[in-house]
Amino acid sequence: MSVPDLKTIQSLAEVPDGALPINPGSIEVTPEGVLGIAKPPRPCKLTFMADGLPFNVAVRHEGPEEGGPEDGGGSICQIWADVGHVPYTAQAPERRRALLAVLRGIEGLPHVRFIVQGGQKIILFSEIRLEHHASPEDLFHQTTLVLQEARPFLRLLGEYL
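Engineer: What's the story with the side chain of Gln120 in this structure? I'm lost.
Structural biologist: When you line up the elements, Gln120 lands in the loop between strand S6 (113–117) and strand S7 (121–130). On the accessibility criterion, Gln120 (16% relative accessible area) is buried. A distance of 2.4 Å separates a polar side-chain atom of Gln120 from the backbone oxygen of Val86. Those residues in contact with Gln120 that lie beyond four places of it in its chain are Gly84, His85, Val86, Pro87, Tyr88 and Arg96.

Okay, structure coming up:
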């Protein structure tokens, strides 16, 4: 009689959220023929610095019940950064007018939006929905697209912030 290894025992002992009661998708058989508990990918959050701004990345996986594809393999990837603040009119009226004019001119970009939150805070935001679970390559690709598209506008906005 063979004894299962410690990794197999540990994976069977861990119960993912929503796995009880056991449903048809709760248990999987690996290519080696070992039983295990099927775990959905965990959401992730990352931060990085680019052009002097702290960027945030969040990936959330969704199944059919959250509006994802029928096979349950969808993901939502969001990237955002706090760009700066629009000055008050009393502080710098010319700078405020110029900054708001630049922001109004930045529209229709395919991957990035600049949002003025609460009339003051400028946020760079990007969101993409994938029909499969996001891989590191997907995340890297989306991050590169966002940075390439936003960089010229960030430099332009930097003159007024």
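And the narrative resumes.
Engineer: What am I meant to see in the packing of aromatic side chains here?
Structural biologist: Any pair of aromatic rings gets described here by the distance separating the centres and the angle formed by the planes. Overall, the coordinates contain 1 aromatic pair when judged by the stated rule. On the basis of an interplanar angle of 10° and a centroid distance of 5.1 Å, the ring pair of Phe48 and Phe55 is categorised as stacked. Judged by its relative accessible area of 23%, Phe48 falls in the partly exposed class. For Phe55, a relative accessible area of 1% gives the class buried.

Engineer: Explain the confidence of the model for the chain here, please?
Structural biologist: One rule of thumb: low pLDDT means the predicted coordinates there are not for detailed reading. When pLDDT is averaged along the chain, the result is 82; 74% of the residues meet or exceed 70. Averaged pLDDT values over the elements of the chain bottom out at 58 in helix H1 (residues 6–13) and peak at 94 in S7.

Engineer: Explanation requested: the side chain of Thr143 in the structure shown.
Structural biologist: Within the fold, Thr143 resides in helix H3 (residues 136–158). For Thr143, a relative accessible area of 13% translates into the label buried. With near-sequence residues (within four places) excluded, Thr143 lies in contact with Phe48 and Ile79.

Engineer: Would you explain the environment of Tyr160 in this entry?
Structural biologist: Inspection of the secondary structure puts Tyr160 in the segment after H3. Sequence separation of Tyr160 and Ala98 is 62 residues, and the distance between their C-alpha atoms is 7.4 Å. Aside from chain neighbours lying at most four places away, what touches Tyr160 is Arg95, Ala98, Leu99 and Val102.

Engineer: Just to check I follow, could you spell out the sheet that holds S7 for this structure?
Structural biologist: If you walk across this open sheet you meet the 5 strands as S3-S4-S5-S7-S6, and the pairing is antiparallel. Edge strands, defined here as strands with exactly one partner in the open sheet, are strand S3 (44–50) and S6. In this sheet, neighbouring strand axes are inclined to one another by 25° on average, regardless of whether the strands run parallel or antiparallel. Alignment of S6 against S7, held across 5 bridges, turns out to be antiparallel. Paired with Val116 across the strands is Ile122, a residue of S7. The strands touched by H3 are S3, strand S4 (53–62), strand S5 (74–85), S6 and S7; relative to S7, the strand with the most contacts, the crossing angle is about 155°.

About the criteria used
Residues numbered from 1 in each chain as written. Predicted model: local features only at pLDDT ≥ 70, side-chain atom pairs only at ≥ 80, totals over all residues. Heavy atoms only, no water. Helix = DSSP H or I, 4+ residues; strand = E, 2+ residues; numbered from the N terminus. Buried < 20%, exposed > 50% of the residue type's maximum accessible area, 1.4 Å probe, protein only. Polar contact = N/O pair within 3.5 Å; in protein donor to acceptor, adjacent residues only side chain to side chain. Contact = heavy atoms within 4.5 Å. Phe/Tyr/Trp six-rings, centres within 6.5 Å; stacked < 30°, edge-to-face > 60°. pLDDT = per-residue confidence, 0-100. Pairing = 2+ DSSP bridges. Axes fitted to C-alpha atoms, helices over the stretch in contact; angles between N-to-C directions.

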